[in-house]
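Close look at the chain arrangement
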Protein chains: 4
Amino acid sequence: MDKELSSIHYDQYLQLQKILDAQKLRSVEFNKPAHDEMLFIIVHQVYELWFKEILHDLGSIMELFSEGKVEEAQIGVAISRLDRIVKIQKILVDQIDIIETMTPLDFLDFRNYLLPASGFQSFQFRQLEVSLGLKRERRISYTQCSYSGVFSDHEQEILNNLEAGDSMFDLVEKWLERTPFLQFETFDFLEEYKKSVQLMLQREEQAIDKADYISDQEKMLRVRMLGETNTYFNSIFNKEMHEEKLKEGSLKLSYKATISALLINLYRDEPLLRQPFMFLQKLIDMDELLTTWRNRHAQMVLRTLGQKIGTGGSSGYDYLKTTADKHRVFYDLHNISTLLIPRSFLPALPMELKEKLDFNFSKDD
Amino acid sequence: MDKELSSIHYDQYLQLQKILDAQKLRSVEFNKPAHDEMLFIIVHQVYELWFKEILHDLGSIMELFSEGKVEEAQIGVAISRLDRIVKIQKILVDQIDIIETMTPLDFLDFRNYLLPASGFQSFQFRQLEVSLGLKRERRISYTQCSYSGVFSDHEQEILNNLEAGDSMFDLVEKWLERTPFLQFETFDFLEEYKKSVQLMLQREEQAIDKADYISDQEKMLRVRMLGETNTYFNSIFNKEMHEEKLKEGSLKLSYKATISALLINLYRDEPLLRQPFMFLQKLIDMDELLTTWRNRHAQMVLRTLGQKIGTGGSSGYDYLKTTADKHRVFYDLHNISTLLIPRSFLPALPMELKEKLDFNFSKDD
Amino acid sequence: MDKELSSIHYDQYLQLQKILDAQKLRSVEFNKPAHDEMLFIIVHQVYELWFKEILHDLGSIMELFSEGKVEEAQIGVAISRLDRIVKIQKILVDQIDIIETMTPLDFLDFRNYLLPASGFQSFQFRQLEVSLGLKRERRISYTQCSYSGVFSDHEQEILNNLEAGDSMFDLVEKWLERTPFLQFETFDFLEEYKKSVQLMLQREEQAIDKADYISDQEKMLRVRMLGETNTYFNSIFNKEMHEEKLKEGSLKLSYKATISALLINLYRDEPLLRQPFMFLQKLIDMDELLTTWRNRHAQMVLRTLGQKIGTGGSSGYDYLKTTADKHRVFYDLHNISTLLIPRSFLPALPMELKEKLDFNFSKDD
Amino acid sequence: MDKELSSIHYDQYLQLQKILDAQKLRSVEFNKPAHDEMLFIIVHQVYELWFKEILHDLGSIMELFSEGKVEEAQIGVAISRLDRIVKIQKILVDQIDIIETMTPLDFLDFRNYLLPASGFQSFQFRQLEVSLGLKRERRISYTQCSYSGVFSDHEQEILNNLEAGDSMFDLVEKWLERTPFLQFETFDFLEEYKKSVQLMLQREEQAIDKADYISDQEKMLRVRMLGETNTYFNSIFNKEMHEEKLKEGSLKLSYKATISALLINLYRDEPLLRQPFMFLQKLIDMDELLTTWRNRHAQMVLRTLGQKIGTGGSSGYDYLKTTADKHRVFYDLHNISTLLIPRSFLPALPMELKEKLDFNFSKDD
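Rules behind the numbers
Along every chain, residues carry numbers that run from 1 in the direction the sequence is written. Chain labels run from A onward and ligand labels from 1 onward, assigned in the order the entries are written. Predicted model: local features are reported for residues with pLDDT of at least 70 only, side-chain atom pairs are reported and counted for 80 or more only, and whole-chain, interface and lining totals are derived from all residues. Just so you know, side-chain values use all the structure's heavy atoms and leave hydrogens and water out. Numbering of helices and strands starts at the N terminus; helices are DSSP runs of H or I of at least 4 residues and strands are runs of E of at least 2. Throughout this description, buried means an accessible area under 20% of the type-specific maximum (1.4 Å probe, protein chains only), exposed means over 50%, and partly exposed covers the range between. We call two residues in contact whenever any of their non-hydrogen atoms come within 4.5 Å of each other. The Shrake-Rupley method, run with a 1.4 Å probe sphere, supplies the accessible areas, and residue values consider only the shown protein chains as cover. Here Asp and Glu are counted as negative and Lys and Arg as positive; His is not counted, and neither are the chain ends. Positions of charges follow a simple convention, taking NZ of Lys, CZ of Arg, CG of Asp or CD of Glu. All axes are obtained by fitting lines to C-alpha atoms, using only the stretch in contact for helices, and the reported angles, taken between N-to-C directions, cover 0 to 180 degrees. Here the word oblique covers every angle except those under 35 degrees (roughly parallel), over 145 (roughly antiparallel) and from 65 to 115 (roughly perpendicular). Here the term charged refers only to Asp, Glu, Lys and Arg, the term nonpolar to Ala, Val, Leu, Ile, Met, Phe, Trp, Tyr, Cys and Pro, and the term polar to all other amino acids, Gly among them. Should the near helix be turned anticlockwise from the far one by less than a right angle, the crossing is termed left-handed; should it be turned clockwise, right-handed. Two rings belonging to Phe, Tyr or Trp (six-membered ring only in the last case) form a pair when the distance between their centres is within 6.5 Å. Interplanar angles under 30 degrees mark stacking, angles over 60 mark edge-to-face geometry, and anything in between is tilted. Whether a charge sits over a ring depends on NZ of Lys or CZ of Arg being within 6 Å of the ring centre and within 35 degrees of the ring normal. For this quantity, the arc is that covered by the directions from the helix axis to the C-beta atoms.

1. Section: the overall build of chain A
- Along its length, chain A carries 19 helices and two strands.
- Among the 365 residues that make up chain A, the fraction classed as buried is 64%.
- In chain A, of all internal contacts separated by at least 6 residues, the share reaching a separation of at least 24 is 77%.
- On chain A, roughly 14300 Å² of surface is accessible, and the fraction owed to carbon and sulfur atoms is 51%.
- For chain A, the distance from the average site of its 45 positive side-chain charges to the average site of its 58 negative ones is 3 Å.

As structure tokens, this is what we get:
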């Protein structure tokens, strides 16, 4: 039987007695009240609340993708929730403007009381990084503090379990690897794509050759560009080279998943590939915004502390700036762009495949 | 044969000699140089450039929808282009912050030289409003200037032709009216929906009745809410009432199109309805942002001019504020929300229909 | 003796055990888990945290202004803190984008469990409105619920005390009334300003008269504009008329304060008036953003609920839209723009006054 | 005699016939119309229009600062104009969201026609960098193209002249060097500051020493932090070391200017130093936003092109990412934060100096 519906008041529903009673200024405690400490506390609490929401949405997407097969409707849900995460991330970036209303001098009024608390101790942020797929060995360390000094035993256990299981990256990789259509009857996607790439490069070479309207300098530049382009393409045709790069760590996404992502990007105009394409786009949005946030955060720290060492002993700006690029998880998805070719060179799909990829809203008219 | 490819320089490609030579300050011409007139000119030119892009995107969507049948892939394209329009609109709103760096006193330094130029004379903005579906008779007039006094003969002809043809609103309405599935074999959507609504209202009435944990005041409130809710629902079950409201002008969307929009909203989790749902969402986003822009624009005018009459003779703030609500085109799509019922009351679709609405990315695994 | 400094951990400092444990989903409690209820709770908690910060900053400004005399340095502090409030308000507006990722159908999944909780019950928001200067009798009522039904006795007492004391509006008005310089030795600001206005209007009349390059229609328009302009100016020269409007309620700011605000706006280039001018600008920013928030909030409610009645029994969209304009507190400061005249007509200040208004950073070189 | 005032129409005033006729799609010219090329052209034109406005504002500030002495009122104007530049920059960053609606595949539809046009050829952007103070020798080169291949002779001359004259950086440095108060009668700022720093460091050392509530690990961390802090401070007390760093290039701002900037930051609560402080803050805002724009721009390029070489032959992402940090001009102003000390350690100013730094709006009451 259902629980009986009871009335509820706004304050009670939002548990405001807890939320609004959780700002205890250390500067007040030490009898040197600093007005801006309130902002400092509140802005961090807001960040933590948004992290909780992001984890809630990300967790639900991971659940959808952890079952062997992902239904079309579930990709739709995943896109909506990633879109929400992206909108939250935009706010996380924009609200750094609020923190920067606290000037360096104002911060010094209470900074000493915070030692050694540090954003580095945010368990939820670490949880987020690990859930996305940042590996412990890839993480840049910025303090002598051992891992165990930062989180409680219980928290460490949660992180260890997260690392042991499939991350968002792993789930996306597996889903991509399951993509059908790479081989459809006699149509071999990679083979056809390879022919197109060669034709395209050949055409470009000829065009440069006979172009007498451009300077020699520019001709050389174009030839050089073509050469480098060639290199990028060769790498996708060579599974061994790809595996090598995976070992080195310069690539992360498996060979098969990479080819699937390429196929989805190239044929994203086919109805059935539209949602998978949008899903990949949203992952890139999320990744990009995390980088933007890290860059912006680093700047804010530089502005507030200069080259001072952070309250947690971190080296501040330099460390944060480096993570912006290095802690990125879906870098290989950005890189698919390197492998795209113009639609005019796109291999035509066999009619039967094209039909399989189509469906129509009003086909019964 | 293809035209031969030639080199091009950045300046030449962007025609910067035109773009950057189009700022002629009237205050300079009259020997009273006002620093801020440059901003005033440039910000308006930027607006006009964005309007051109919006018209370019909107026009392409209207073309897709003007052919009898809209393919699934085309809805995908329409969504992407609406999304672009929405992102441009956000910038149009945000850049009002830039205009507001020009204080009222700074504006007075050159305002006199501008008479009677006015934003009301923007042909592209008028074109946009007419393309969306704002009818001449619904437009709020704010000046004695006759229509003919504002635009050239050629421009008037374009506007007349636009009004004579199908607007975006018309095209969306026709597309909605073509939606299949309102009647699928023995399944009559409206009939099933009606039963669900009645069941839902009945349950709520009982719940209120037996609830002894709420005050009498609150009980009365809930009963009143239920009554009004009932009224909204009745209106969708009564085609005559709907037609009546169309005549009065309190509604704009046809009965059949309204029911289709309702169906799409209720069953948007079905794969085949996902894109149509997203398309309707983007239309609402666009409509909402146009309203936000009008409100924000009105505020900026109030701040800069107070109650002064605008350079074109418009009454400024009051006029602009009124158009925010009155010139809205897709209001009825917002209103669909009134008719939604919780998923738990949603009539189940017959299995055959559910299958028709499904398709699957990995169905061939 | 000072309390001894102790170490503190991030979680402990931010009291995250409270903050992150305050999301109890009603839908879960009633065994119908709705994913989006988490967002709904968190977004409201974030709003309340920001409201707390706004009240903290606003309160500190009111304290500075409540002592008879406001030092220059204090105006500087007030500007910084208003700037912070404004930056927070921007985020409050922007994060409505996040709420709108929750679709109407998703909201219906748990809306029923929330009755009769409502944003109308936010004590902090009410506190903010009252602190700014919104009077109970001006507040638009949107529910039959009596005032006492909404807040606890203790909360009502706080609101009553706030209303009894000086609001931000009152403090600003008093500060403006204390402005010196309205009468400086033989220089009577209002008298000189009046002469300038008359000269300006006369010149404009002559210009229209002899202009043979403009159409008769436009001539008429310009004459009409001049007439209305005249009316605005007359009102500032007539203390009785002003007092009348205060009684009616169409104006709120006292005659003397209005004239001071006008003087500050006109001579804001004088070093000593720069900060007072910036302070008035920030007040307008804050007022404008509150209006923008109300408009945006109303739109979001329309989109989510359509014309449905809100959980608290409010009529939703229509009510909220109306408050955007009617609950504005510093409207009269916007209106100062109506009274500005071009710098070229500005009465010259006597040399002694100009010197009094000047100071120089490097005067001792 | 004044030129006679004539009527003007909106289109004519904004020269819309030029502005709206400057979008010639290369893809159309080559008979392969690509819808998104319109966006590509328009977004770049909008950037160039904003660059023109930024140069207009920056130029006016540089003019104000190029006269030996800067009046207080002029600092006020400079702050307002920097604030405008900052608001424009925010839009420049945000509108990258619009460009990103163009997918990599859509770009490939017309990319080939653009060779070798490149954003690197934007003369206005180069002008901006040089005006701010980026030196040719510090600029990171990313192409074999010689400088002369990029700009016309006339443009090169303008850039050479700009480099020969005072940049914004030079003007700010000179203005800072003119700051009085570093030595005021018997008060020697640097001497007093040094004593305070020593006292502060000594106190912190003692505190760490006797703290038995912290772990040895944390103690070591704190001692290490103290050591590094000591190093930063020592550098400001040693003119020779500073000159050395200027030679190496790790610092750019002269010794005297650095000390002045420090004084302004420390005593910014004194009325007379408030505006200079705000001016420095706005410079940092501008610098920071340029960095943000560069980072965001780099990301967008990565997303659109992957590791492909740009149309102008630039290596794209890697190059752009590097400039974000290396092309920063006012880095040393950010670094002042390193040298700040808490207000409680601030040397008291002699009464006479304090009075000199004060002025009061209502002092004549």
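2. Points about the packing of helix α16 (residues 271-305) of chain B against helix α17 (residues 317-326) of chain B
Residue and element names in this part refer to chain B.
- Two elements in contact, α16 and α17, have axes separated by 8 Å at closest approach and are oriented at 170°. On the basis of their axis angle, the class for α16 and α17 is roughly antiparallel. Along the contact surface, α16 presents T291, R294, N295, H297, A298, Q299, V301 and L302, while α17 presents Y317, L320, K321, T323 and A324.
- A breakdown of the residues in the contact of α16 with α17 according to their chemical character gives six nonpolar, five polar and two charged.

3. Digging into the packing of helix α12 (residues 189-210) of chain B against helix α15 (residues 255-266) of chain B
Residues and elements named next belong to chain B.
- In contact at an axis separation of 11 Å, α12 and α15 are set at 65° when each is read in the N-to-C sense. Pair α12 / α15 crosses with left-handed handedness. Contacts between α12 and α15 pair F189, L190 and Y193 from the former with Y255, I259, L262, L263 and L266 from the latter.
- A breakdown of the residues in the contact of α12 with α15 according to their chemical character gives eight nonpolar, no polar and no charged.

4. Some thoughts on the packing of aromatic side chains
- Following the criterion strictly, the structure yields 72 aromatic pairs over all chains and no others.
- Relative to C:W175, the ring of C:F65 lies with its centre 5.7 Å away and its plane at 75°, an arrangement referred to as edge-to-face. With C:F65 in helix α4 (residues 37-66) and C:W175 in helix α11 (residues 168-177), the pair connects residues that are 110 residues apart, well separated along the chain.
- One aromatic cluster is present, built from ring pairs that chain together A:F189, A:Y193, A:F233, A:F237 and A:Y267.
- Its end group placed over the ring of A:F237, A:K194 keeps NZ or CZ at 5.4 Å from the ring centre.

5. Concerning unusual backbone geometry
All names here are of chain C.
- Within the chain, N31 stands out as a residue other than glycine whose phi angle is a positive 65°.
- Note on placement: N31 falls in the loop between α3 (26-29) and α4.
- Classification of N31 by relative accessible area gives exposed; the value is 63%.

6. A closer look at helix α17 (residues 317-326) of chain C
- Listed as buried for α17(C) are C:Y317, C:Y319, C:L320, C:T323 and C:A324. Taken end-on, α17(C) shows its buried residues confined to a sector of 165°, consistent with a single buried face.
- In this fold, the buried residues of α17(C) make contact with α17 and α18 (331-335) of chain B together with α16 (271-305) of chain C.

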